[in-house]
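Read off the chains here:
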Number of protein chains: 2
Amino acid sequence: MSAPNAPGLAGHQQEQFLQVLSRDDAEAAFMAALGPRPLGAEEVALEALLGRVLARDIAAPVDAPPFDRAVVDGFALRAADLFEASEAEPVRLRLNPEVIHCGTAPALPVAPGTATPIATGGPIPRGADAVVMIEHTEPEGDGIAVARAVAPGSFIGFAGSDIARGQTLLRRGVVIGAREVAMLAAVGLDRAPVWRKPRVAVLSTGDELVRPGDPLRPAGVYDSNGPVIAAALAENGCEAVHLGAIPDDEAQLTEAVRAAFAAHDALILSGGTSKGAGDLTTRVIAGLGAPGIVAHGVALKPGKPLCLAVCDGKPVAVLPGFPTSAMFTLHEMVAPVLRIMAGLPPRGAARIEAVLPLRLGSELGRTEFAMVALTEGPEGAVAHPVGKGSGAVTAFAQADGFLTVPALVDSLAAGTRAEVTLFGVGVAAPRLAVIGSHCVGLDAVVGRLAGQGMTARILATGSQGGLAALARRECDIAPIHLFDPATDSFNTPYLADGMRLIPGWRRMQGLVFRAGDARLAGKGVAEALAALLADPEAIMVNRNQGAGTRVLIDRLLAGARPQGYWNQPNSHNAVAAAVAQGRADWGVAIRPAAEALGLGFLPVAEEHYDFAVWQDPRDAAALEAFEAALAQSRDELHALGFDPR
Amino acid sequence: MSAPNAPGLAGHQQEQFLQVLSRDDAEAAFMAALGPRPLGAEEVALEALLGRVLARDIAAPVDAPPFDRAVVDGFALRAADLFEASEAEPVRLRLNPEVIHCGTAPALPVAPGTATPIATGGPIPRGADAVVMIEHTEPEGDGIAVARAVAPGSFIGFAGSDIARGQTLLRRGVVIGAREVAMLAAVGLDRAPVWRKPRVAVLSTGDELVRPGDPLRPAGVYDSNGPVIAAALAENGCEAVHLGAIPDDEAQLTEAVRAAFAAHDALILSGGTSKGAGDLTTRVIAGLGAPGIVAHGVALKPGKPLCLAVCDGKPVAVLPGFPTSAMFTLHEMVAPVLRIMAGLPPRGAARIEAVLPLRLGSELGRTEFAMVALTEGPEGAVAHPVGKGSGAVTAFAQADGFLTVPALVDSLAAGTRAEVTLFGVGVAAPRLAVIGSHCVGLDAVVGRLAGQGMTARILATGSQGGLAALARRECDIAPIHLFDPATDSFNTPYLADGMRLIPGWRRMQGLVFRAGDARLAGKGVAEALAALLADPEAIMVNRNQGAGTRVLIDRLLAGARPQGYWNQPNSHNAVAAAVAQGRADWGVAIRPAAEALGLGFLPVAEEHYDFAVWQDPRDAAALEAFEAALAQSRDELHALGFDPR
């Protein structure tokens, strides 16, 4: 490893990953040092028990029902009186002078030859051993006539037949839902002992972090880890206390960490997106208590920088700063321990088998998790990897689940059937799968469909990726904007046999620049471009190879290679951001991207954004609905700055 | 229909079920009269969003990341500078005098031939179009040497590459979990518009109802419907307000109902267990507003007495009083409407196929739901019906799900493969299935197993039912206590070929009577029995045919048929309750049942409670664990009043 003379970077590099443990070794060391167990029981009232974990077995203190009772409206009587009753010779019974309702304690016994009117739920009076339904009796004088025999016990619900006193009603460890509430209430319990929820402090660290809701300053990024870790902890039975983001200042961090550690049952930190920040927090927690750090560096991808510690019997974790890494390591390594402290069983995860559409490369020696979104293909579920690097918050958020690539495997071939661990339980394939290039106009159309109850999923892979998925019939619609220089036309030349194009809309592309740039004031496109190319200080931002816009840019440049030519992001938004933030002075993007950031815009040429589909689609009705929604969205598309066809 | 002269019953009978609607007609009428829709949006802060339902589409107000950033620690530079770099001829770059950390806004552009140290997450400076990893550089003088070319864009996360400004981030109707919190926070949103939760008033009605936590008065039963309906509403996105139980008094009920209706978005009443109470509430709600009652009587079993109304645009429902009926009609007919008002999608229900072990009778003309508990049989899941009549709170609580018998089917044959709708999602077959006679001693043994992490399910079917399930290999253990008069022995004569008996414990049976009964004071069994049989006022309580205790009782009676002989409940607890509550004066039960109610007890004979199992069990290790837990439970069994073998 090198040690370049870059102040503030070299040091971090040397301290990190002194010993990378395997996933299982790290877990074993964490578990052994902590010995996690529930924190203690507390009595909680019935109305606040939902979702809590029962701390002790509950035995029924009374029978339910508490007495023998009628289960129909009718008459309580002695079965022996009716043994010889028949249609030919009905038996007459005198009525006792009381009516037993629910809640009425019977005052009179039922003597032979008598009956007592009783309502459903009424307690059976002494002497009676059966109930006859009111429909099977006839009034006769001051009594009733019964024309059929009844078995002893008929229409009686015996005491304790539902729940017997002393019976174990609920077992410790059960998560209380409505059904458990019913059991407790039925035997008169208005509270139950449940495990206390672990109180877990969450601290984000990093100079760059900005609290959501505050304006974003230059070089600032929003702190998403803090809120999402708190939410994930709540989903795992903890009471999370998000204490906000702390800058990478050792004194400030030490004070915040010590205070949080002292006041809570566990402490979770997440670095900013910088490794340096992770190191600082690691130094700080090492001093919290014995035994201290048990794992720093785990052979997980994403998640290698994870640091696990146990200090004075409390778990402490420093999660990697990248959102997906943070969530993965939280769920994989930290949540299981906190669930034990909360008295919860391990999280049950549903799994399904799915086909991998593309080869998935992996790093040997690290257990690797690839987040996937599911669509329905011709041979069942298809798992599209959605990892855009662990820096992406959307990778975790948009995935339906993940597949695990073992440490000793270096890739999974296209077509591999792999087991996907689902994040949720109700994963239903969407009615329409849309894979390809993304556009905010597409959101408008799909939003309209969603309003009509049709589920659709959009996976943004770019035009080529969408066409390939469509060719494999792994999606229904591929939105594309591909320019063919040979025919000087969009999209149609790229369709395979059997595909057709649903016309979408035109998007005006043009020169974008900071409003007020004197080099372009009042100029047309050609003049402006000439001025920019003549200025040695001007820096452009290009687009990626394969983008339709790139073809346009190369035409405009006519062989020139100005500064910034090699800066090649893959979206209109990234081009606009580079110009707005001063990393570049000009580029080519669509009008809405420029307008959103208040940039100047000189129109150059339209791009065609259309939808490739099969002529014999999997779900013709869904495609029809899409085309209808497209037609209904014209006004909205116009308002967004597009020109619908 | 008859009209017997039973005051207080006849009237109810006539008013009820004037027109019984089919399930679908009732639902259609309810939906049409209400036209349910979400109630309105409210802004809720990020930390309180978990579980809420998004009311509007959310578009990203900023790009994420907000700027191009480094995704590794290294150096920001111009890819063009390294085009010709090689091991043989490394390229030297001067370092610019700044280090870009996370949160540092770059001050200096990267000119050709220079590089700037940059940490992971740091913003890319103007002029740079790639990052080279620190590991791939060597320090050299006041600069670095790089021995390989890099592609433009290497190790840069472009602005908007994760989330593009303007992109629809979350769609309305989504239930917010940790992943959705992550998306919102990542674009700086600290709140979101969600649907307001419907506030639903819950009132139980019935003279007999006692609030859980209060002592049970004679003829009183605990109000379990109120708490469980409130809990089920909370599980369906509502804010439930349980207003307690109201007696069956028209004035009092009218006042309570009007106040509750005025102050909430919906009103749910549940009758006591009496039909009369249901009628009263129906009368009261009929006056709340137009159009009023839309269905009263629905062809559902359980659930026929259900009453649905719409008053001034609010849904009002009167659920049947029996707990299982109440929960079924709530989930089947009312919750779907409330979910729409809460903005929630229909509840997804998992389904599995299971074999019915016994014929299941059904009533023609009513859609019938049978609650089932699942075990693993030789041909997959087995669905054991657990309905003990709709009066049972446990039927709903102990079931894994239910199967639906269509209105036009009168029975399902044993062996039928039927679709079971699961109540939960994580239904795993227990490791040990125990079906047969229940005993609190069994709870102790199984509790010990549960403490060791072994799941077991107990279904109380009685000894004969357990043996039959064991014979079909639908359970692992059948607890039995069957007396064989021919051999004067317990249990062994009932085993089939290939079964064996695990010895359990002995339970002392004896005469039970109210302590202080002068007829029995100081007497032995024979003397006491003679005194009871000689008293024409004395009433006994018997046991069901087939119970081992019944054989003992018939021996004791030696042909006598005293009063109460035909009162034949099927459990020791019911016998003890009948005596304690004065419905009977004596009976025969086991000692713990008598002691629990403070009854007198004269020992007569021991009953053998043993465990029938197969000699070649499905899971030998689980059986071994059971036998070990049995051996470890000796002290506990002794303490419960049993005599372990």
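What counts, and where the lines are drawn
- Residues numbered from 1 in each chain as written.
- Chains lettered and ligands numbered in written order.
- Predicted model: local features only at pLDDT ≥ 70, side-chain atom pairs only at ≥ 80, totals over all residues.
- Heavy atoms only, no water.
- Helix = DSSP H or I, 4+ residues; strand = E, 2+ residues; numbered from the N terminus.
- Rg over C-alpha atoms; globule rule 2.2 N^0.38 Å.
- Contact = heavy atoms within 4.5 Å.
- Areas by Shrake-Rupley, 256 points an atom, 1.4 Å probe, with all protein chains shown as cover.
- pLDDT = per-residue confidence, 0-100.
- Domains from an automatic or database assignment.
- Buried area = accessible area lost by both parts, 1.4 Å probe.
- Salt bridge = Lys/Arg side-chain N within 4 Å of Asp/Glu carboxyl O.
- Polar contact = N/O pair within 3.5 Å; in protein donor to acceptor, adjacent residues only side chain to side chain.
- Nonpolar A, V, L, I, M, F, W, Y, C, P; charged D, E, K, R; others polar.
- Expected span 1.5 Å × (residues − 1).
- Buried < 20%, exposed > 50% of the residue type's maximum accessible area, 1.4 Å probe, protein only.
- Pairing = 2+ DSSP bridges.
- Axes fitted to C-alpha atoms, helices over the stretch in contact; angles between N-to-C directions.
- Disulfide = S-S within 2.5 Å.
- Least-squares fit on C-alpha atoms with pLDDT ≥ 70 in both.
- Phe/Tyr/Trp six-rings, centres within 6.5 Å; stacked < 30°, edge-to-face > 60°.
- Lys NZ or Arg CZ within 6 Å of the ring centre and 35° of its normal.
- Lys, Arg positive; Asp, Glu negative; His and termini not counted.
- Parallel < 35°, antiparallel > 145°, perpendicular 65-115°, else oblique.
- Left-handed = near helix turned anticlockwise from the far one by under 90°.

Participant: How should I be thinking about the overall build of chain A in this particular structure?
Facilitator: Check the secondary structure of chain A and you find 16 helices and 38 strands. By the compact-globule yardstick of 26 Å for 645 residues, chain A is too spread out, its C-alpha radius of gyration being 35 Å. For chain A, the proportion of contacts with a sequence separation of at least 24, taken over those separated by at least 6, is 73%. In the form shown here, chain A has an accessible surface area of approximately 23900 Å², with 53% of it arising from carbon and sulfur atoms.

Participant: Where do I start with the confidence of the model for chain A in this structure?
Facilitator: Residue and element names in this part refer to chain A. Mean pLDDT for chain A: 88, with 95% of residues reaching 70 or above. Here residues 1-8 is modelled with pLDDT under 50, and outside its nearest four sequence neighbours on either side it reaches 23 contacts, counting other chains as well. In this model, residues 10-17 is a region of pLDDT below 50 whose contacts with residues beyond four sequence positions or in other chains number 17 contacts. Quick note on the complex model: pTM equals 0.86, ipTM equals 0.86.

Participant: What am I meant to see in the domain arrangement of chain A here?
Facilitator: The extent of an interface is frequently quoted as the accessible surface area lost upon association of the parts. The assigned domain composition of chain A is domain 1 (18-37 + 197-341), domain 2 (41-64 + 162-195), domain 3 (69-157), domain 4 (351-422) and domain 5 (431-645). Between the C-alpha centres of domain 3 of chain A and domain 4 of chain A there is a distance of 68 Å.

Participant: Explain the interface of chain A and chain B to me, please; I cannot follow it from the model alone.
Facilitator: Counting from both sides, the interface comprises 140 residues of chain A and, opposite them, 139 residues of chain B. In total, chain A and chain B occlude about 11100 Å² of area from one another, counting both sides; carbon and sulfur atoms represent 61% of this. Linking chain A to chain B there are eight salt bridges. With its nearest N and O atoms 3.7 Å apart, the salt bridge here joins Arg211(A) to Asp190(B). Along the contact surface separating chain A from chain B lie 26 residue pairs in polar contact (both at pLDDT 80 or more). The leading source of residues in the side of chain A that touches chain B is helix α3 (residues 178-186) of chain A, at seven residues. Here the side of chain A that touches chain B is built from residues that sort into 71 nonpolar, 40 polar and 29 charged.

Participant: Would you explain helix α9 (residues 440-451) of chain B in this entry?
Facilitator: Residue pairs three or four apart in sequence face the same way in an α-helix, which turns once every 3.6 residues. Residue and element names in this part refer to chain B. Between the first and last C-alpha of α9 there are 17 Å, a value that for twelve residues agrees with the 16 Å anticipated at 1.5 Å per step. Gly441, Leu442, Asp443, Ala444, Val445, Val446, Gly447 and Leu449 are the residues of α9 that are buried. Immediately beyond the C-terminal end of α9, within one or two residues, lies Gly453, with a positive phi of roughly 90 degrees.

Participant: I would appreciate a short explanation of the sheet that holds strand β4 (residues 74-77) of chain A in the present structure.
Facilitator: Whether parallel or antiparallel, the strands of a sheet pair through hydrogen bonds between backbone atoms. Residue and element names in this part refer to chain A. In spatial order, the strands read β7-β4-β6-β5-β9-β8; together these six strands make up an open sheet with mixed pairing. One side of each edge strand has no neighbouring strand; the edge strands of this open sheet are β7 (130-133) and β8 (137-140). Each strand of the sheet is rotated relative to its neighbour by a mean of 40 degrees, with strand direction disregarded. Across four bridges, the pairing between β4 and β7 is antiparallel. Residue Ala76 lies in a different strand from β7, and its bridge partner there is Val131.

Participant: How should the state of the cysteines be read in this particular structure?
Facilitator: When the sulfur atoms of two cysteines share a covalent bond, that bond is a disulfide. All names here are of chain A. Under the defined criterion, the tally for this structure stands at zero disulfides over all chains. Unpaired in this structure, Cys311 has its nearest cysteine sulfur neighbour in Cys307, at a distance of 8.9 Å. Taking relative accessible area as the criterion, Cys311 reaches 0% and is therefore assigned buried. Cys439 takes part in no disulfide bond, and the closest cysteine sulfur, belonging to Cys475, lies 17 Å away. Of the residues examined, Cys439 reaches a relative accessible area of 3% and is grouped as buried.

Participant: How do you make sense of the side chain of Asp73(B) when you look at a structure like this?
Facilitator: Residues and elements named next belong to chain B. With respect to the helices and strands, the residue Asp73 is situated in the loop between β3 (69-70) and β4 (74-77). On the basis of relative accessibility, which here comes to 4%, the residue Asp73 falls in the buried class. For Asp73, the side chain forms a polar contact with the side chain of Thr120, separated by 2.6 Å.

Participant: Which parts of the structure should I look at to understand the relation of the copies chain A and chain B?
Facilitator: Note on the chain copies: they are related by a rotation about an axis and a translation along it. Overlay of chain A on chain B (RMSD 0.1 Å): rotation 180 degrees, translation along the axis 0.1 Å. What we have between these two chains is a two-fold relation. Most of the interface of chain A is mirrored in chain B, where 98% of its interface residues are also at the interface.

Participant: Explain the packing of aromatic side chains here, please?
Facilitator: Applying the stated rule across the entire model yields 22 aromatic pairs over all chains. Judged by centre distance (5.6 Å) and plane angle (85 degrees), the rings of Tyr609(A) and Phe611(A) are edge-to-face. By relative accessible area, which is 0% here, Phe611(A) ends up buried. The interplanar angle of 70 degrees and the centroid separation of 5.5 Å between the aromatic rings of Trp505(B) and Phe611(B) together place this pair among those described as edge-to-face. Remark: Phe611(B) occurs in strand β37 (residues 599-614) and Trp505(B) occurs in strand β34 (residues 499-514); sequence separation between them is 106 residues. The pair Trp505(B) / Phe611(B) is uniform in exposure class, with both members buried. Grouped by ring-pair contacts, the aromatic residues Trp505(A), Tyr609(A), Phe611(A), Phe626(A) and Phe642(A) constitute a single cluster. Above the face of the Trp614(A) ring, Arg473(A) is positioned so that its terminal group lies 4.3 Å from the ring centre. Stacked on the ring of Tyr565(B), the Lys or Arg Arg561(B) has its end atom at 4.3 Å from the ring centre.

Participant: Just checking my understanding: could you explain the side chain of Asp484(A) for this structure?
Facilitator: Residue and element names in this part refer to chain A. Positionally, Asp484 belongs in strand β32 (residues 483-484). Buried and unpaired, Asp484 has no salt bridge, with Arg555 as the nearest side chain of opposite charge at 9.0 Å. At 2.6 Å, the side chain of Asp484 and the side chain of Thr487 are in polar contact. Each residue touching Asp484, except ones within four places of it in the same chain, is listed here: Ser489, Pro493 and Tyr494.

Participant: So what exactly am I meant to see when it comes to the packing of helix α2 (residues 23-34) of chain B against helix α7 (residues 323-341) of chain B here?
Facilitator: Packed helix pairs are characterised by how far apart their axes lie and by the angle those axes make with each other. All names here are of chain B. Viewed as axis vectors pointing N to C, α2 and α7 meet at an angle of 30 degrees, and their least axial separation amounts to 10 Å. Considering the angle they form, α2 stands roughly parallel to α7. Crossing hand, α2 versus α7: right-handed. Contacts between α2 and α7 involve Arg23, Ala26, Glu27, Phe30, Met31 and Leu34 from the former and Glu332, Met333, Val337, Ile340 and Met341 from the latter. When the residues that make up the contact of α2 with α7 are grouped by side-chain class, the tally is eight nonpolar, no polar and three charged.

Participant: Honestly, the packing of helix α4 (residues 225-235) of chain A against helix α3 (residues 178-186) of chain B in this entry has me stumped. Any pointers?
Facilitator: Two elements in contact, α4(A) and α3(B), have axes separated by 8 Å at closest approach and are oriented at 170 degrees. Taken together, the axes of α4(A) and α3(B) are roughly antiparallel relative to one another. Contact with α4(A), carried on its side by Pro227(A), Val228(A), Ala231(A), Ala232(A) and Glu235(A), involves Ala178(B), Val181(B), Ala182(B) and Ala185(B) of α3(B) and no other residues of that element. Looking at the contact of α4(A) with α3(B) residue by residue, the class counts come to eight nonpolar, no polar and one charged.

Participant: How should I be thinking about the pattern of salt bridges in this particular structure?
Facilitator: Applying the stated criterion across every chain yields a total of 72 salt bridges over all chains. A salt bridge links Asp619(A) to Arg431(A); its shortest N-O distance comes to 2.6 Å. Here Arg431(A) lies in the loop between β28 (417-422) and β29 (432-436) and Asp619(A) lies in the loop between β37 (600-614) and α15 (620-632), a separation of 188 residues in the sequence. Its relative accessible area of 16% is what places Asp619(A) among the buried residues. For Arg431(A), a relative accessible area of 35% gives the class partly exposed. Through salt bridges with shared partners, a single ionic network connects Arg126(A), Arg514(B), Asp517(B), Arg519(B), Asp535(B) and Asp585(B).

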